[in-house]
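Secondary and tertiary structure notes
One letter stands for each residue in the lines below.
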Amino acid sequence: MQGTILGARARADGRIDLTMTVEIRGRTVKLVGTGRLTPRPSGPLEATGDTLVDPRAFGLPLPPLVNLMVHVRWRIALTPA
């Protein structure tokens with residue numbers, strides 16, 4: 001899986017709101033999540049956090065009248081582009 005951070009905004013509580021796209025199984029999905037940036041001993045920064053996502057964005061079929069959101073936790077090693 002790979003992705004791109006499109007934007008970041010600092011929050012008063014020390015966390016960061018991140019807007020990103022991720023590519024999973026040939027799909028590009030836009031996510032908005034809240035997390036923290038942490039330096040890793042090996043060099044690059046690591047972003048960890050969570051977001052709420054509609055499973056349909058990942059191609060998972062659901063019945064038409066079901067409104068389901070999934071809590072997704074993520075950990076991403078950041079590399080400069």
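Every chain begins its residue count from 1, and numbering advances along the sequence as written. Reporting of local features is limited, given that this is a predicted model, to residues whose pLDDT is at least 70; pairs of side-chain atoms are given and counted only at 80 or more, and all residues count toward the totals for whole chains, interfaces and linings. Hydrogens and water are ignored here; the side-chain numbers use all heavy atoms of the structure.

**Focus on the pairing of strand β4 (residues 45-53)**
As a general feature of sheets, a regular strand has side chains that alternate between the two faces. The pairing criterion for strands is at least two bridges between them, as found by DSSP. In DSSP terms, a helix is any run of H or I states spanning at least four residues, a strand is any run of E spanning at least two, and both are numbered starting from the N terminus. As paired elements, strand β3 (residues 27-39) and β4 share six bridges and run antiparallel to each other. Paired with Thr-34 across the strands is Asp-50, a residue of β4. In this sheet, strand β5 (residues 70-77) lies alongside β4 in antiparallel orientation, the contact comprising eight bridges. Looking at the pairing, Gly-49 lines up with Trp-74 of β5.

**Things to note about the sheet that holds β4**
Taken in spatial order, the five strands line up as β1-β2-β3-β4-β5 in an open sheet, and their pairing is antiparallel. The sheet is open, and its two borders are formed by β1 (2-10) and β5, each paired with just one other strand. Strand-to-strand twist of the sheet, defined as the mean angle between neighbouring strand axes without regard to direction, takes the value 30°. When β1 meets strand β2 (residues 16-24), the two strands line up antiparallel, connected through eight bridges. Among the inter-strand pairings, Ala-10 is bridged to a residue of β2, identified as Ile-16. Each axis is a line fitted through C-alpha atoms, taken for helices only over the stretch in contact, and angles between the N-to-C directions span 0 to 180 degrees.

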